[in-house]
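Per-entry structural report
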Amino acid sequence: MPRGRYSLYDPHDRSPLGDEHFQCATGPSGWRYVSQITSPSGTPAGSVDLAIDDLGRPIRLQLQSADWQVRGAAIDGVTWVRTDPTGEHAQEGNVPAHAFTGTSPAFYVALARLLRLSPGGAATRVRLVSFTAPVLAPLTVDQSWTLVARTAHATDNGPLEVDEYQVSALDTGEQCAVHIAGDVVLSAPGVELEDLESPPSTFARPA
């Protein structure tokens, strides 16, 4: 069960946004990731609880940022309920999209699991609903994902396979690289892995 800490920063000017203290685990029914987010000063700033099934579909998403909350799942595309700080109003949403995304590294792992790309294969287009702190407002985005390379690195616990993805925003053409080992993100825009207490878990490769 990997646990550790990611540092979060603005990918444009690299100003610090805080830390995400996480733990995650694979199982016969899928994968679950939970985390607590702290601000640069160390105060609590939110949380993430994401569970996906064995096919990579989001079966439960719970986000909290300040007083805003989102609960969602893959129902008729993706469906969610967003609650305002007063708790008096809840806004429901539904989009014919593949999954959710946001600033948490959990979303990269979940989407890689959903797509199950092969190295050197064609780019795959996905539609996602993004929630970004602090207000978690939903935004529909289209991305293109390509698995550029899969490289084995020698470790004390045996070979560690690292997947390098190229992710493109289809509205702006902006491209970035995402490196994932098992169920841990090594690096991505706005994300750096700072501490890891145990090796990443691995997913079974598709037959």
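A quick note: this is a predicted structure, and the numbers were derived from the prediction, not measured.

What follows concerns the overall build of the chain. Helices and strands together make up the secondary structure of the chain, namely one helix and 15 strands. What you see for the chain is a C-alpha radius of gyration of 16 Å, in line with the 17 Å of a compact globule of 207 residues. The principal-axis extents of the C-alpha atoms in the chain amount to approximately 55 × 40 × 35 Å. When the 207 residues of the chain are sorted by exposure, 42% land in the buried category. Long-range pairs, those at least 24 residues apart, make up 40% of the contacts in the chain between residues at least 6 apart in sequence. Of the accessible surface of the chain, which amounts to about 10600 Å², a share of 51% is contributed by carbon and sulfur atoms. Side-chain charges in the chain split into 14 positive and 24 negative, and the spacing between the mean points of these groups amounts to 7 Å.

Attention now goes to the pairing of strand β6 (residues 68-73). Two elements, strand β5 (residues 58-65) and β6, share five bridges in a ladder whose sense is antiparallel. Bridge pairing in β6 links S65 to W68. In sequence, β5 turns back onto β6 through a hairpin of two residues, with A66 there showing a positive phi of about 55°. Relative to strand β7 (residues 78-83), β6 is paired through five bridges, and the arrangement is antiparallel. Across the sheet, A73 pairs through a bridge with T79, a residue of β7.

The next point concerns the side chain of S35. Positionally, S35 belongs in strand β3 (residues 30-38). What makes S35 buried here is its relative accessible area of 4%. A distance of 2.9 Å separates the side chain of S35 from the side chain of E20, its partner in a polar contact.

Here we take up empty space enclosed by the protein. All told, the structure shown has one cavity of 30 Å³ or more when counted by the stated rule. In terms of lining, the largest cavity is formed by L50, I52, G56, P58, A99, F100, F107, A110 and L111. Elements supplying a minimum of two residues to the lining of the largest cavity: β4 (44-53), β9 (99-102) and α1 (106-115). With three residues, the top contributor of residues to the lining of the largest cavity is α1. Tallied by class, residues from the lining of the largest cavity come to eight nonpolar, one polar and no charged.

We now examine the layout of surface pockets. Of the voids in this model, the largest pocket is the one considered here, and its volume is about 1300 Å³. Along the wall of the largest pocket there are 47 residues; nearest its centre are P11, G102, T103, S130 and T132. Here the lining of the largest pocket takes five residues from strand β11 (residues 137-153), the largest share from any one element. The residue makeup of the lining of the largest pocket, split by class, is 25 nonpolar, 18 polar and four charged.

Okay, the packing of aromatic side chains next. Evaluation of the coordinates by the stated rule reveals eight aromatic pairs. Look at F22 and Y33: their rings are 5.7 Å apart centre to centre, the planes differ by 5°, and that puts the pair in the stacked class. Here Y33 lies in strand β3 and F22 lies in strand β2 (residues 16-27), a separation of 11 residues in the sequence. You can call F22 buried: its relative accessible area is 4%. Classification of Y33 as buried rests on a relative accessible area of 1%. With centroids separated by 5.7 Å and ring planes inclined at 80°, the aromatic side chains of W80 and F131 adopt a geometry described as edge-to-face. In this pair, W80 is assigned in strand β7 and F131 in strand β10 (residues 124-132), connecting sequence segments 51 residues apart.

Along the chain, S7 falls in strand β1 (residues 3-9). The exposure class of S7 is buried, given its relative accessible area of 14%. Within the local environment of S7, its side chain forms a polar contact with the side chain of E194, the two groups lying 2.7 Å apart. Apart from the residues lying within four places of it in its own chain, the contact partners of S7 are G18, D19, G190, V191, E192 and E194.

Conventions adopted
- Residues numbered from 1 in each chain as written.
- Predicted model: local features only at pLDDT ≥ 70, side-chain atom pairs only at ≥ 80, totals over all residues.
- Heavy atoms only, no water.
- Helix = DSSP H or I, 4+ residues; strand = E, 2+ residues; numbered from the N terminus.
- Rg over C-alpha atoms; globule rule 2.2 N^0.38 Å.
- Buried < 20%, exposed > 50% of the residue type's maximum accessible area, 1.4 Å probe, protein only.
- Contact = heavy atoms within 4.5 Å.
- Areas by Shrake-Rupley, 256 points an atom, 1.4 Å probe, with all protein chains shown as cover.
- Lys, Arg positive; Asp, Glu negative; His and termini not counted.
- Charge placed at Lys NZ, Arg CZ, Asp CG, Glu CD.
- Pairing = 2+ DSSP bridges.
- Polar contact = N/O pair within 3.5 Å; in protein donor to acceptor, adjacent residues only side chain to side chain.
- 1 Å grid on protein atoms, 1.4 Å probe; cavity = no way out; pocket = protein on both sides within 12 Å on 5 of 7 lines; lining within 4 Å.
- Points joined across faces, edges and corners; volume = space filled by probe spheres on them.
- Nonpolar A, V, L, I, M, F, W, Y, C, P; charged D, E, K, R; others polar.
- Phe/Tyr/Trp six-rings, centres within 6.5 Å; stacked < 30°, edge-to-face > 60°.

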